[in-house]
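Residue strings, one per chain:
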Amino acid sequence: MGAELSRHVKRNLVAYIALLPMAIVVIFAYLGTMAWSVRLSFSSSKLLPRYDFVGADQYLTLFDTPRWLTSLGNLAVIAFFFLLICFLLGTLLAIFIDQNVRAESLFRTVFLYPYAMSFVVAGLIWQWVLNPDLGIQHTMHGFGFTDFVLDWVVNSEMVLYAVILATVWHGAGLVMALILAGLRGVDTEIWRATRIDGIPAWRVYVSIVLPMLRPMIITSLVLLSISIVKMYDVVVAMTNGGPGTASEVPAKFIMDNLFERANIGLATAASTVMLVTVLLVMAPVIYSQYFRKSGRAS
Amino acid sequence: MIGMKQMVAVSVIAIVAATGVAKAEEPLKAEVIHWWTSGGESAAIKVFADAFNAAGGEWMDNAVAGGSAARSAAINRIVGGDPSTAALFNTSRQYHEIIGEGLLNDIDEVATKNNWDKVLPEPIAKAVKVDGKYYAAPVNIHMPLWIWYSSAALSKAGVEKPPETMDEFFAALDKLKAAGITPLALGGQRWQENSLFSAVLTNVGGGELWKSVYGDKDEAAIRSPEFRKVIETFISLKPYVDQASPGRNWNDTTALLIKDEAGFQVMGDWAKGEFKQANKEIGKDYGCIPGLRPDSPYVLGGDVFVFPKTDDAEQVKAQHLLVETMTSPDVQVKFNNLKGSIPIRADVDMSNLDACAQLGMKIMSDPARQAPDASQMMEESVYGSVQDIVTELWNTPMTVDQAVERFEKALKG
């Protein structure tokens, strides 16, 4: 085993040397700062980092802060609907485009275009569209439909769905592109065979094609999940967490405490909670994606 | 013929003399980090820059957009050991921790020379003086809780004179509502909702309650019927705000008054800039109400410059020159006229100030009515929690009991 390992290292020496700078950056700049944040979450740091030890005080305060709990709840709602709708919509779009429609490249561009925009722009656009003073409601009132109400961004109960709408609009195109790429890779022989057997198309998709696209599906789910966890800019641009705290998200809680409220201890505690959550959610995915496969190959 | 030796000697002397002269004329360089980037603000800070340059300095402007971004930049540079000469902060506790860590130079020398103990209003002096030493130079006083009104909107609704008490205020709101005008213009952002709450607290509760709840964090005051009344009054303002309020910027909100589409707005004196830009006149098109009770407190907010620690004698000299020029009476008047705030000292020529600023100066001259801004009475993290409560109180059906309980926990905890 040891001999095999050293032979392996020798053979790939150049590759390892090439990877070294990146590895150093990851270890020090990435993992290092992560460890530092976790360390600070156990301190009483306010404006400046302090290196005392206050145990789990910051965590106790954190889970006693209504705004943090609201943020977590909001994130759960956003995560559920965003993942579900984005994935279903993206997949359906990909399947429709895959039916050899006319002007396919036009549709592809149109659907993928939102993804080329930053979250800030997406948030601003939807803020304007849904703003009762400027957007659709205003226009409809101008047309004479004065009973028309579309006040999602200013309505505490609907604001989360406005955020979901904007993020789905932004992200569905990416799923579409990934799945479409996968669909194009499916052997036409499979389609021919199922047609001979007389299997309905939806059944082929559900039972044969989609399972074949497992890597694409996992990739798009991972990408979507990442954008959920770091969801910040879209909320800031669209609602700034309001009305009240109705659309607060954890990343915004962290940023506010870090930069505006001079509360580094609490902010790092919150980011540690997010880190642990992400690790818990991602671990099984990463495991199934990479380790199991490589295990099978060797 | 002059020998080689003499020639060398002469030229050496010449060079030394030249550099000596250059050294004496070298201006004192001062790099200043601030966040005043809007039209009126940058015109205002240019007054400082010009005055400093005229006094033999060289102003190096380092504007960072956004208050918290600018403060983070200043703090990062201080902690990183490469501080600027001066940095802008709000008159609050934002900079008290860096004083505690010994990262700022005190400016006691200039302060004593200029008799700050006498000149500055007490709440401002308290905010910049730590452990008996002055650490920050206040440059302006903003009163964040003015009540602005549109004269046309009021007269259209049949409100004959601007309200002077809370009851008259509510009567005016009702009339505006009946006339189909948005009675109270509010931008539904956390800080604006908090301004409205502060205005209710100072005008319904009064200066004593303001100081005992936010300053002393006195449990009895928080649980008192007076504070409950403040919360109730705040809640009862909800129906007077238009539906599109959430998330609206303060200047878009002021625009509603400029267009006579709304009656009142609670906003700091920087709102004047918006009216001025729209060519509106004080007294004719719009007006300012400092408070709704004869003894309403005049809340003193504003901005200060701090001076990061350095041993470089030139830099210390530059820091002192900055303080001198920025707080001198005529620079104060010129600067504050552009900034919309009022000067930090009463010994200035007031004839150049606008009507609202003159009214403010007059009220501020009574020490009994001076009150510190909420951010001077508590740490930023505590103030943040207070603002969270206010915004939830405004946007959710929270009861008065729940609100009192949460205020107590946030302020005491």
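Scroll up to find the structure this text is about.
I will try to describe carefully the structure that is included in this document.

So, how was this worked out
Residues numbered from 1 in each chain as written. Chains lettered and ligands numbered in written order. Predicted model: local features only at pLDDT ≥ 70, side-chain atom pairs only at ≥ 80, totals over all residues. Heavy atoms only, no water. Helix = DSSP H or I, 4+ residues; strand = E, 2+ residues; numbered from the N terminus. Buried < 20%, exposed > 50% of the residue type's maximum accessible area, 1.4 Å probe, protein only. Contact = heavy atoms within 4.5 Å. Areas by Shrake-Rupley, 256 points an atom, 1.4 Å probe, with all protein chains shown as cover. Core = buried A, V, L, I, M, F, W, Y, C linked by side-chain atoms within 4.5 Å. Domains from an automatic or database assignment. Pairing = 2+ DSSP bridges.

### Digging into the overall build of chain A
Within chain A, the secondary structure is distributed over 14 helices and zero strands. Going from the N terminus to the C terminus, chain A shows its helices and strands as α-α-α-α-α-α-α-α-α-α-α-α-α-α. Structurally, chain A occupies a C-alpha span of about 80 × 70 × 30 Å along its principal axes. Relative to its 298 residues, chain A shows a buried fraction of 39%. Across chain A, every contact between residues at least 6 apart in sequence was considered, and the portion connecting residues at least 24 apart equals 68%. Carbon and sulfur atoms form 71% of the exposed surface of chain A, whose accessible area is close to 16,700 Å².

### Considering unusual backbone geometry
Residue and element names in this part refer to chain A. For the bond running from G242 to P243, omega is -5°, close enough to zero to count as cis. Within the element layout of this structure, P243 appears in the loop between α12 (233-238) and α13 (250-260). One non-glycine residue, N100, lies in the positive phi region at around 55°. Secondary-structure assignment places N100 in the loop between α4 (66-97) and α5 (104-116). On the basis of relative accessibility, which here comes to 69%, the residue N100 falls in the exposed class. The phi angle at A262 is positive, at roughly 45°, despite the residue not being glycine. On the basis of relative accessible area, A262 is assigned to the buried category, the value being 8%.

### Quick notes on the side chain of S212 of chain B
Following the sequence through the fold, S212 of chain B ends up in helix α10 (residues 190-215). Ignoring anything within four residues of it in the chain, the contact list for S212 of chain B reads K217, D218 and A221 of chain B.

### Points about the nonpolar core
Counting 140 residues, the largest nonpolar core has F197, Y214, F264, F305 and F407 of chain B as its most contacted members. Element by element, the count of residues in this core is highest for α10 of chain B, at 10 residues. Looking at which domains feed residues into this core, each of domain 1 (28-141 + 301-365) and domain 2 (146-299 + 372-412) of chain B gives three or more. Of all hydrophobic cores here, the second largest spans 53 residues; its members include F82, L130, V163 and A270 of chain A.

### Here we look at the pairing of strand β7 (residues 146-150) of chain B
All names here are of chain B. Counting buried positions over the five residues of β7 gives five, a clear majority of the element. Note that β7 and strand β9 (residues 262-267) share four bridges and pair antiparallel. Within β9, the residue paired with W146 across the bridge is M267. Direction of pairing for β7 relative to strand β10 (residues 286-289): antiparallel, over a ladder of four bridges. For W148, the partnering residue across the bridge sits in β10 and is C288.

Remember, this is a structural readout, not a statement about activity or role.
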